[in-house]
Amino acid sequence: MIHSLAAGCFIILAFIVIINPPAHNTKAKYWFSGFLFCVGLGLAERDLYQQNPDFVVLSECSRFLIAPFLYFSIVYFTKPKFLFSVYSTLHFIPFVIFSYFALTFLIKNEYPVIVPVQGSKHLGFALSIALKLQILIYWAYSFFLLRKHRRDIQLFSTQTNQLNLNWLNNLLYIILVIIVVALLGARFSHLSIHQYLPIIYCFCSGFIAYYILPQKEIYPFPEMVKIEIQEIIDVSSSKKSASTRLSDTEIAFLKTKLETIMEEEKLYLQSDITLFQLAEHLHISTHDLSFLLNKGLSINFNDFINNYRIDEAKRLLISPRHTHLSIEGIGYESGFSSKSSFFTSFKKIVGLSPLAYKKISLS
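Basis of the calculations
Residues numbered from 1 in each chain as written. Predicted model: local features only at pLDDT ≥ 70, side-chain atom pairs only at ≥ 80, totals over all residues. Heavy atoms only, no water. Helix = DSSP H or I, 4+ residues; strand = E, 2+ residues; numbered from the N terminus. Expected span 1.5 Å × (residues − 1). Buried < 20%, exposed > 50% of the residue type's maximum accessible area, 1.4 Å probe, protein only. Arc of directions from axis to C-beta. Axes fitted to C-alpha atoms, helices over the stretch in contact; angles between N-to-C directions. Parallel < 35°, antiparallel > 145°, perpendicular 65-115°, else oblique. Left-handed = near helix turned anticlockwise from the far one by under 90°. Contact = heavy atoms within 4.5 Å. Nonpolar A, V, L, I, M, F, W, Y, C, P; charged D, E, K, R; others polar. Phe/Tyr/Trp six-rings, centres within 6.5 Å; stacked < 30°, edge-to-face > 60°. Core = buried A, V, L, I, M, F, W, Y, C linked by side-chain atoms within 4.5 Å.

**Q** Residues and numbers for helix α14 (residues 339–350), please.
**A** Taking 1.5 Å as the rise per residue, α14 with twelve residues should run 16 Å; its terminal C-alpha atoms sit 16 Å apart, in good agreement. Those residues of α14 that fall on the buried side of the exposure criterion are Ser341, Phe342, Ser345 and Phe346. Here the buried residues of α14 occupy an arc of 125° about the axis, which is enough to place them on one side. Opposite the packed face of α14, turned more than 90 degrees from it, sit the exposed residues Thr344 and Lys348.

Pasting the structure below:
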């Protein structure tokens, strides 16, 4: 019954995720809770196969929900205003087809279509392979969505460490461990070590709880700002050009105005500056500013601000008046919110570490 213990861990965790007090990331948590619940049903099936065959038929149906539930939880975690559409329901076609066959067999003890005995064996093997491929493909695509999210947040914020969802990245790796263990367990079920695999599942459920339960609001912005963020991301992802949004004359004018404001008001020194705040200073819409940066200047918001910050840091590093500041302190004085983001950006833009740059410049 050790598989039932692991199943209980996932099913209980599924309910805990839903009732977890902070009322944010709600839709993402619902989908992820469904993912955990289906994983729990799949594990419970191992111990209940002999005692309750009918339950096994139902739990087999839930296996085809594991992949899309995981996928949509990642979608809602990474996209602030994602709208579930008719197109989204296509992800559940395998579940509907399999459920139709399974429930028909459960009720009538026969398939809705005539399947030869030999064909039934091949069909079962094909379904097993399809299920494994489904979860691997959806995991890979979920991982891709998370990487894309890290690029997208650079369109509107410089505090990427607070929005990059590193915890979700770690969570996906834990889920990958579960997938690999499940695949190996099915392949080498004859080995004695197979009986200890549920212990790994239990530990994985604990790590999942550690990462998922304490998370704060991913996009701590007003609802209108979230809508604008989603629109900016969608426009950036679209292959269609928005070349008519600003003319060449308007781009040249706004570029000069932007450079003047940045040099005179030094907005880049604000560690929490966002695309929306900068747009207010320019008295233009966030979409126009996003277009100006990405299409007009061929740079994202994060790199645009950090270029000014690095120039400021370079000035402070060789300034006799700021020798009392540590390297980390210079990073904070230049507008960076953390030591890691300062060092990473400096090395990316300058090609040297701040300390190496200082030694070479003062030698």
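After presenting the structure, the write-up continues.
**Q** Just give me the short version of the packing of helix α8 (residues 223–237) against helix α11 (residues 286–296), but keep the residues and values in it.
**A** Their axes nearest at 10 Å, the elements α8 and α11 cross at an angle of 30°. With respect to α11, the element α8 is oriented roughly parallel. Judged by the sense of rotation from one axis to the other, the crossing of α8 with α11 is right-handed. In this structure, α8 uses Glu228, Glu231 and Ile232 to contact α11, whose residues at the interface are Thr286, His287 and Ser290. Across the contact of α8 with α11, the residue classes break down as one nonpolar, three polar and two charged.

**Q** Run through the packing of aromatic side chains, naming residues and quoting values.
**A** The final tally for this structure, using the stated rule, is 31 aromatic pairs. Residues tryptophan 31 and phenylalanine 72 carry aromatic rings whose centres are separated by 5.0 Å and whose planes lie at 35° to one another, so their mutual orientation is tilted. You can see tryptophan 31 sitting in helix α2 (residues 26–48) and its partner phenylalanine 72 sitting in helix α3 (residues 53–78), a full 41 residues away along the chain. Just as tryptophan 31 is buried, phenylalanine 72 falls in that class too. Judged by centre distance (5.4 Å) and plane angle (40°), the ring pair of phenylalanine 32 and phenylalanine 35 falls under tilted.

**Q** With reference to specific residues and values, describe the environment of leucine 289.
**A** Of note, leucine 289 is situated in helix α11. When the C-alpha positions of leucine 289 and leucine 258 are compared, they lie 9.4 Å apart, and in sequence the two are 31 residues distant.

**Q** Quick rundown of unusual backbone geometry? Include the residues and the values.
**A** Excluding glycine, most residues fall at negative phi; most peptide bonds, likewise, are trans. The phi dihedral of asparagine 25 is positive, around 55°, even though this residue is not glycine. Residue placement: asparagine 25 occurs in the loop between α1 (2–19) and α2. One non-glycine residue, leucine 165, lies in positive phi territory at about 55°. By the element assignment, leucine 165 lies in the loop between α5 (117–152) and α6 (166–187).

**Q** Can you tell me about the nonpolar core, naming the residues and giving the values?
**A** Residues Phe156 and Ile208 are the most contacted members of the largest nonpolar core, which totals 87 residues. Among the elements that line this core, the one with the most residues is α3, at eleven residues. Not counting the four nearest positions on each side in its chain, isoleucine 208 is found in contact with Phe10, Leu13, Phe32, Leu36, Leu171, Ile174 and Ile178. Counting residues in hydrophobic clusters, the runner-up holds eleven residues, among them Leu316, Leu317, Leu325 and Phe336.

Functional significance is not addressed by these values, which are geometric in nature.
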